[in-house]
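The chain contents come next:
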Amino acid sequence: MADQSQQKVNPKIKKDLATLSERAKKSQLKISDLIIPIAVIIVLILLSVLVFIPMINKANEYRSELKEVNQKIETLDSLQTALNEMDSAQLVSDLLVAKQIIPKVLQVSDFVYYIDTLARSKNLTTKEISAGDVSVGGGEQTTVKKSLGVSGPLSYSGSYTSILEFLDEIQAYSPYLVTLKNISMSHGGDDTWSVDFDLTGYYIPETDTDVDLYIPFSKYTQFSDIIDIFSVRVSKLEE
């Protein structure tokens, strides 16, 4: 009886084993099964390199440009507000005054004549006077940038009080924008003193320059003390 039951089961087991064996063979990984996944991966990589990454970089560039444009707009708005707050009539008036103090052209003869006339009015005697055109822009440290000047050594003699008045008037009331350097005084006996110094008068030639609207802007009215000095000097020039 056991042999008959075993004979009946064996064919079924054999059939199941055969089916499992067939499935196992079909489930084995083949090279052909990897072609499609590998192709998909390659396509995704190419899309990332050729499309997605450039799109992201371009988007970042546009974002940076937009930020820069917004900043420039804010700067221009701030500049317009500051300009609107200024009195245009006063601006023109102050500009005319400044142009008289800092001329476009300064003749050596005019400058020397003014200094020598001032010295004679103080009863000073000319010991040495010479001047010529110089460039005071670039490397030289000066408060006047990109400008030219008339400069030279000067020497006068006279009373101590007259020399001090002469130097004070040049610095405080000169109708030109000037600087005094290397001032030295020596006593020559009795009431006679000698003074030697280097004097430079500035002028700024008119040139066509591009205005950068995005640099920090400061109102010239913040320097009212300088404007007052210019006004005093212009009044002296008109006397």
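Residues numbered from 1 in each chain as written. Predicted model: local features only at pLDDT ≥ 70, side-chain atom pairs only at ≥ 80, totals over all residues. Heavy atoms only, no water.

## Observations concerning the overall build of the chain
This is how the line gets drawn: Only DSSP runs of H or I reaching four residues or more are called helices, and only runs of E reaching two or more are called strands; each is numbered from the N terminus. Throughout this description, buried means an accessible area under 20% of the type-specific maximum (1.4 Å probe, protein chains only), exposed means over 50%, and partly exposed covers the range between. In what follows, residue pairs with any heavy atoms lying within 4.5 Å of each other are defined as contacts. Where accessible areas are quoted, they stem from the Shrake-Rupley method and a 1.4 Å probe; at the residue level, only the protein chains shown are allowed to cover.
When you go through the chain residue by residue, the secondary structure sums to six helices and five strands. Each helix (α) and strand (β) of the chain, taken in turn from the N terminus, gives the series α-α-α-α-β-β-β-α-β-β-α. Within the span of the chain, comprising 239 residues, buried residues form 23% of the whole. Within the chain, contacts between residues separated by at least 24 positions form 72% of all contacts whose residues are at least 6 apart in sequence. Here the chain has roughly 17300 Å² of accessible surface; of this, 58% comes from carbon and sulfur atoms.

## Observations regarding the nonpolar core
The nonpolar side chains of a soluble globular protein tend to be buried, and buried together. Selection rule: By nonpolar core we mean a set of buried residues, namely Ala, Val, Leu, Ile, Met, Phe, Trp, Tyr and Cys, connected to one another through side-chain atoms within 4.5 Å.
Counting residues in each nonpolar core, the largest one holds 21 residues, and the members touching the most others are F111, I115, Y156, F166, I170, F197 and L199. The set of elements that each furnish at least two residues to this core consists of helix 4 (108-121), strand 3 (148-158), helix 5 (160-173), strand 4 (178-189) and strand 5 (192-203). With five residues, helix 4 is the single largest residue contributor to this core. Of all hydrophobic cores here, the second largest spans six residues; its members include L177, Y202, F230 and V234.

## Here we look at the environment of P103
Relative to the helices and strands, P103 is located in the loop between helix 3 (88-101) and helix 4. A sequence separation of 101 residues divides P103 from I204, and the C-alpha atoms of the two residues are 6.3 Å apart. Those residues within four positions of P103 in sequence are excluded, and the remaining contacts are Y202, Y203 and I204.

## Focus on unusual backbone geometry
You will see that N123, though not glycine, has its phi angle at about 60 degrees, which is positive. Residue position: N123 is located in the loop between helix 4 and strand 1 (125-129). Of the residues examined, N123 reaches a relative accessible area of 65% and is grouped as exposed. Notably, N182 is not glycine yet its phi reads approximately 55 degrees, a positive angle. Within the secondary structure layout, N182 lies in strand 4.

## Considering the pairing of strand 3
Here is the rule: Here, any two strands with at least 2 DSSP bridges between them count as paired.
Strand 3 sits mainly inside the fold: nine of its eleven residues count as buried. When strand 3 meets strand 5, the two strands line up antiparallel, connected through eleven bridges. The residue bridging S151 from the neighbouring strand is T200, located in strand 5.

## What about the pairing of strand 5?
Here strand 4 runs beside strand 5; their pairing, made up of nine bridges, is antiparallel. Residue pairing in the sheet places K181 in a bridge with D198 of strand 5. Between strand 4 and strand 5, which pair antiparallel in sequence order, lie two residues; one of them, D190, sits at a positive phi of approximately 55 degrees.

## Let's talk about the packing of aromatic side chains
When we look at a pair of aromatic rings, we describe it by the centre distance and by the angle of the planes. Put simply, the rule reads: Between the rings of Phe, Tyr and Trp (Trp by its six-membered ring), a pair exists once the centres lie within 6.5 Å; its type follows the angle of the planes, with under 30 degrees stacked, over 60 edge-to-face, and the other angles tilted. Two limits define a charge over a ring: the Lys NZ or Arg CZ must be within 6 Å of the ring centre, and within 35 degrees of the ring normal.
Per the stated rule, a full pass over the model turns up three aromatic pairs. On the basis of an interplanar angle of 65 degrees and a centroid distance of 5.2 Å, the ring pair of Y156 and F166 is categorised as edge-to-face. Here Y156, found in strand 3, pairs with F166, found in helix 5; they are ten residues apart in sequence, far enough to count as distant. Given a relative accessible area of 0%, Y156 falls into the buried group. Both rings, one in F166 and one in F197, keep their centres 6.1 Å apart while their planes meet at 55 degrees; by these two values the pair is tilted. In this pair, F166 sits in helix 5 while F197 sits in strand 5, placing the two residues 31 residues apart along the sequence. F197 shares its class with F166; the two are buried. Ring pairs connect the aromatic residues Y156, F166 and F197, which therefore count as one cluster. One Lys or Arg, K72, reaches over the ring of Y214 and ends 5.0 Å from the middle of that ring.

## What about the packing of helix 4 against helix 5?
Let me state the cut-off plainly: Helix axes are fitted to C-alpha atoms over the stretch in contact, other axes to C-alpha atoms as well, and angles between N-to-C directions run from 0 to 180 degrees. Roughly parallel refers to an angle under 35 degrees, roughly antiparallel to one over 145, roughly perpendicular to one between 65 and 115, and oblique to any angle outside these ranges. Take the far helix as your reference; a near helix turned counterclockwise from it by less than a right angle gives a left-handed crossing, and one turned clockwise gives a right-handed crossing. Residues are grouped as follows: Ala, Val, Leu, Ile, Met, Phe, Trp, Tyr, Cys and Pro are nonpolar; Asp, Glu, Lys and Arg are charged; all remaining types, including Gly, are polar.
The geometry of helix 4 relative to helix 5 is characterised by a closest axis approach of 10 Å and an angle of 140 degrees between their N-to-C directions. If you check the angle between helix 4 and helix 5, you find them oblique. Crossing of helix 4 against helix 5: the hand is right-handed. Across the interface between the two elements, Y114, I115, L118 and A119 of helix 4 pack against F166, E169, I170 and Y173 of helix 5. Here the residues of the contact of helix 4 with helix 5 sort into seven nonpolar, no polar and one charged.

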